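In case you want the letters, here they are:
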Amino acid sequence: MSVVYSLVTGFGVFMLGYFIIIAGSYLTIHLASLLRMREEMASASWEPVYDVLADPMVPDIALVVPAYNEETVIADSVRSFLNISYPAFEIIIVNDGSTDSTFDILDDEFDLEQIDAPVPASNAPSKPIHGVYQSLDNDRIRVIDKVNGGKGDAQNSGIWLTDAELFCIVDADTIIQPDCLSKMVRPFLEHPDEMVAVGGPIRVANGSLVEDGMVTRPGLPSSPIAALQQIEYIRAFFAGRLGLDRLQSLILISGAFGLFRTDVVRDAGGYDTDSLVEDIEFTIRLHRHLLDRDRSYRFGYFRNPVVWTQVPEDLQTLSNQRQRWFRGLLETMLKHRDAIFDRRYGLVGLFALPFFLFGEGIGRLFEALGYVSVPIALMFGFIEVGGTLVILSGIVAFGVFLTWLSLLVEVLVSRQYTHPLQIAVLMTLGVIEFLGYRQWRTIVVVKGLLAYVRGESSWGKMERVSLGGNQRNK
Amino acid sequence: MINIPFVQIYELIAYISLAGLCLVGVLTLGASGYLWVRDTFVRQTVASLRPEIVAHAGSSEQDWEAWVNERSRLERRILRREVPRQLRVVSGSYATQLKTLGRALGIDERADRALSARIKQKRLIGLTQLTLLDQAVPLQHVRGTECPRERALAAQCVISDSADIQPESIVRLLLEPGTPLPEYGVYTLYRVMQQNPLSLLGVTDDTTWDLTLTVQVLSVLQYIDYSSSDAIRDWIGARLRDEQPAVRAAAVHALGPYIRAYAMTPPEVDPLTIVRDPSIRVRAAAFQQFPAIEETTVRRKIVDTAVEESNETVLLIAGQEFGTAISGTHKSITPALRRSMAWARATNRRRTTRWRTPWALEWEHQPLKTESTPELLSEPRPTGEHA
């Protein structure tokens, strides 16, 4: 009995320690986001009178848009990108071997003509290019038609073909605010010698009113699955990344939207064409590339520039996406395991990587273990009900507390959802999340782990719905 | 049954979390309610005042002081917030009227007072509001500060008051500390030097500038017609010998206005040394700027160098800029150059000469896709999939 007691006590000490460290890290990140919020509010109060559009010295920006089977959204997306107000930008759509009519739609809509010459970017780390096309309707638009190689591969071919100093990675199903680039570029102009990458928040477009390729009235999704993801996005982008940025630990600039220096990215080798989550892998590698060379550099994250994306509204698609994210996270952590707790990588090695590994990775698996072991232990009377309820209520209260803290940042800084009723709905969703959705997500993570162990590397199928014009997205 | 160890600690965490939850819940809902009520009220007030402002601005009787005195205290407070916001988006005579309204509301006096505040943020707000009202700030207010943002805002503020611009003082204000400028500072420098390129001369002597600032000034010169000034030309020439490739590349771009004006490089500058520079960035800049050179022998030698170029990026530029000259004079060229020229012809798109030099990192010296990323080209990924 004493052996069992020692084992249980030992496990209890371990779990308590683990919980305190992980919860402390989450709390630190959320509090850092509040600090960052204060700084942002302060700087917004004296925004200089400066018009990027009038400045002849701004750098060129290439919008690189990887597209695989995006026939339902591609035309609307490109039209929305053309609304961007920035003096020097080009749009490079990379048709990554689509098997649907993505390319034909682009050809019909923008009157493409093939550039009749061998493509000069011969050293690009990407699959072969069939041809590069120039739009006769709008000379900002170019299309690369290439052999399918995955998202990172498609992004690389765009990055290597452009001669713009900066490139912006955008998913084909996103809507960009017209002033997005002119705001995003400012950190590069303020710190031209150090700024390497700038990320921005991504919003859930489902439920918002889209008119002429722009979100004119943000709304909450009617689908409960999309609405719950809304909460996750707010937590991730308005607390998570804002806080991580404040702690100089931003190791994820979303693959759906990010602005980068072209020469530095090329020098780092571009995106990993085999990665399941090319964005986090690339951001970590970029950090390491710069730190290994002892470069003074900055990554930025700005709450202002907003892009909107569609999130899945059915459980199967969401499950595929989340499994891929989890497999990708494990894969990336394994790849960069030598940097974890390595002092040479500063806060990235000592805080960000361990946080992602033990919080977002292994932490989820402990959660799954809890969902299985606690009911069994209760059923067989191994543990007392009162103590279990105390622990559960503590964990749920802490989780909801973090979600509401993110919503406070949303209310004070971002202000996309202004009506108190919308905030009340979001707060309620923050509680409902614990009544089934979180547990379902944990099952998905376990499936992802099993798929990882089996060596699966499938991306899974994503269904797109037209972004539409003058309509409310479902 | 086993008692759960440390349950009291979990209990404590639960209580603390619950307390925090209640606090944050009240704060979040309260803040959202307060801001919604406030914003709705402000929106309604502004909507009701706007027609009056437009009517008053259009009338012959434009005594804003009297108009402001008729407003309630709350309305004046809202207008003091709203007028600077509006001034960012309107222009022309309506903006002029709004500026007068702003002064009548006392925004300028408050901003003036803020300049003496000990908190930097207040000073920055004051400078921004004075800029919006086109009201100059005495430069002695900010001379002593090391903060580049404050100096840049002050310079912007001074040039917004078009009545009395002293370009030399503004340029001195911007450049004297020798530290990099924020984007609006560089733009202000550009606007001042557009009016008077020679204003740079007072500060180029005996200054130890940060590398980025040097590149920023050279970038501005790329857009300024300084061709009549030997001193500026000499200053740029000296930067061509800088050990930093970023500075040399920026200096080559800065030679652009001179080359376009005289169809040659300055006498003391040897274009062939530049096109043979070890830095890719410098060579690329040279092939972008040198097509305007008309002297036949020099052009011929530049073309000869272009034919020997090995870097793909530079080749592409050389092919675009000197393609016709190359094909007219050289029968045998490398396949890489032939590809670049074919691409240039097919795209029919010349690279625009933009601000491509402010990046002070010497990135061309980094190895491409070798030591850190061998795995990139290893196994092919499964096809037919994308998120």
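Residues numbered from 1 in each chain as written. Chains lettered and ligands numbered in written order. Predicted model: local features only at pLDDT ≥ 70, side-chain atom pairs only at ≥ 80, totals over all residues.

**Considerations on the overall build of chain A**
Then step 1. Along the backbone of chain A there are 13 helices and 15 strands.
Then step 2. Against the 2.2 N^0.38 benchmark of 23 Å for 474 residues, chain A shows a C-alpha radius of gyration of 23 Å, consistent with a compact globule.
Then step 3. With respect to the principal axes defined by its C-alpha atoms, chain A has extents near 80 × 45 × 45 Å.
Then step 4. Taken across its 474 residues, chain A has 54% of its residues classed as buried.
Then step 5. Across chain A, contacts joining residues at least 24 apart in sequence account for 80% of those joining residues at least 6 apart. (Helix = DSSP H or I, 4+ residues; strand = E, 2+ residues; numbered from the N terminus. Rg over C-alpha atoms; globule rule 2.2 N^0.38 Å. Buried ≥ 20, exposed ≤ 12 C-beta atoms within 10 Å, placed from the backbone. Contact = placed C-beta atoms within 7 Å.)

**Some thoughts on the domain arrangement of chain B**
Residue and element names in this part refer to chain B.
Then step 1. Taken domain by domain, chain B holds domain 1 (24-102), domain 2 (106-209) and domain 3 (226-361).
Then step 2. Computed over C-alpha atoms, the centres of domain 2 and domain 3 are 35 Å apart.
Then step 3. Across the contact, 5 residues belong to domain 2 and 5 residues belong to domain 3.
Then step 4. The residue makeup of the side of domain 2 that touches domain 3, split by class, is 4 nonpolar, 1 polar and no charged. (Domains from an automatic or database assignment. Nonpolar A, V, L, I, M, F, W, Y, C, P; charged D, E, K, R; others polar.)

**Points about the sheet that holds strand β3 (residues 112-114) of chain A**
Residues and elements named next belong to chain A.
Then step 1. Pairing within the open sheet is mixed, and its 9 strands lie in the order β3-β4-β5-β2-β1-β6-β12-β8-β13. Every other strand in the sheet has two partners, leaving β3 and β13 (298-301) as the edge strands with one partner each. When the angles between neighbouring strand axes are averaged without regard to direction, this sheet yields 20°.
Then step 2. Sheet analysis places strand β8 (residues 195-199) next to strand β12 (residues 257-261), joined by 3 bridges and oriented antiparallel. Bridge assignment links G199 to a residue of β12, and that residue is G258. (Pairing = 2+ DSSP bridges. Axes fitted to C-alpha atoms, helices over the stretch in contact; angles between N-to-C directions.)

**Side note on the packing of helix α18 (residues 296-308) of chain B against helix α19 (residues 312-329) of chain B**
All names here are of chain B.
Then step 1. In contact at an axis separation of 10 Å, α18 and α19 are set at 105° when each is read in the N-to-C sense. In terms of orientation, α18 lies roughly perpendicular with respect to α19. Between α18 and α19, the residues in contact are R299, R300, V303, A306 and V307 and A318, F322, A325, I326 and T329, respectively.
Then step 2. For the contact of α18 with α19, the class distribution of residues is 7 nonpolar, 1 polar and 2 charged. (Parallel < 35°, antiparallel > 145°, perpendicular 65-115°, else oblique.)

**A few points about helix α10 (residues 315-335) of chain A**
Residue and element names in this part refer to chain A.
Then step 1. Relative to the 30 Å expected for 21 residues at 1.5 Å per residue, α10 spans 30 Å between its end C-alpha atoms, a close match to the ideal helical length.
Then step 2. Among the residues of α10, those classed as buried are L318, N320, R322, Q323, R324, F326, R327, G328, L329, L330, T332 and M333.
Then step 3. Next to the buried residues of α10 lie α7 (224-246), α9 (278-292), α11 (346-379) and α13 (420-454). (Expected span 1.5 Å × (residues − 1).)

**Description of the nonpolar core**
Residue and element names in this part refer to chain A.
Then step 1. Membership of the largest hydrophobic core comes to 225 residues, with the highest contact counts inside it found for I61 and L63.
Then step 2. For this core, the element with the highest residue contribution is helix α12 (residues 385-414), accounting for 13 residues.
Then step 3. Excluding its chain neighbours within four sequence positions, the residues that come into contact with I61 are Y86, A88, F89, A164, L166, F167, C168, L181 and V185. (Core = buried A, V, L, I, M, F, W, Y, C linked by C-beta atoms within 7 Å.)

**Brief notes about the confidence of the model for chain B**
All names here are of chain B.
Then step 1. Of all residues in chain B, 85% have pLDDT values of 70 or greater, and the mean over the chain is 81.
Then step 2. This stretch, residues 350-387, has a pLDDT under 50; its non-local contacts, to residues over four places away or in other chains, come to 93 contacts.
Then step 3. Per the prediction output, this complex has pTM 0.86; the corresponding ipTM is 0.82. (pLDDT = per-residue confidence, 0-100.)

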